[in-house]
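Letter by letter, the chains look like this.
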Amino acid sequence: MKPNYRRCVSCKKLAPKEDFLRVIRLKKSSTIRLDEGEGRSAYICPQTECFQIARKKNKLSRSLKTHVSPEIYQALWQRLKNYSSKK
C-alpha cells in the first residue's frame, strides 16, 4: 500500500505522515489536540528549527484557522524532546 504523504507547515518538507507530529483542530469546535481526533490537521517536522519557526510565525494557527494556545506549544515541545531522545 502506498504511504500517505503530508507537508510540514514550517519547512514545507514532503514525507510520509508517520514522520511528523500531528496537531488537530477537532470537528465542529476550536479545541486543539495532539495526535488524536478527527478534524483539520497540521503536520510539523520533529525538529527544533521547524518548531521555532512555526511558533514565531504563527504557522499552526494559520493552518488550523484557530488560535493555538501556549499550552499546546508547550505540549508539542515536550513531544519534540521525547521524539529526539528516542533516536
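Q: Before we go on, may I ask you to explain helix 1 (residues 48-56) in this structure?
A: Count 3.6 residues to each turn of an α-helix, and residues three or four apart come out pointing the same way. Among the residues of helix 1, Cys50, Phe51 and Ala54 are the ones counted as buried. Around the axis of helix 1, the buried residues are gathered within 100 degrees of arc, so they sit on the same side.

Q: Explain the pairing of strand 3 (residues 21-26) here, please?
A: In regular strands, side chains alternate between the two faces of the sheet. By the bridge criterion, six bridges tie strand 3 to strand 5 (residues 39-44) in an arrangement that is antiparallel. Counterpart to Ile24 in the pairing with strand 5 is Ser41. The sheet contact formed by strand 3 and strand 4 (residues 32-34) spans three bridges and is antiparallel. From the neighbouring strand, Arg25 faces strand 4, where its bridge partner is Ile32. Linkage of strand 3 to strand 4, two consecutive antiparallel strands, is achieved through a turn of five residues, within which Lys28 is found at a positive phi near 60 degrees.

Rules used throughout
- Residues numbered from 1 in each chain as written.
- Predicted model: local features only at pLDDT ≥ 70, side-chain atom pairs only at ≥ 80, totals over all residues.
- Heavy atoms only, no water.
- Buried < 20%, exposed > 50% of the residue type's maximum accessible area, 1.4 Å probe, protein only.
- Helix = DSSP H or I, 4+ residues; strand = E, 2+ residues; numbered from the N terminus.
- Arc of directions from axis to C-beta.
- Pairing = 2+ DSSP bridges.

Purely spatial values, then, with no claim about function.
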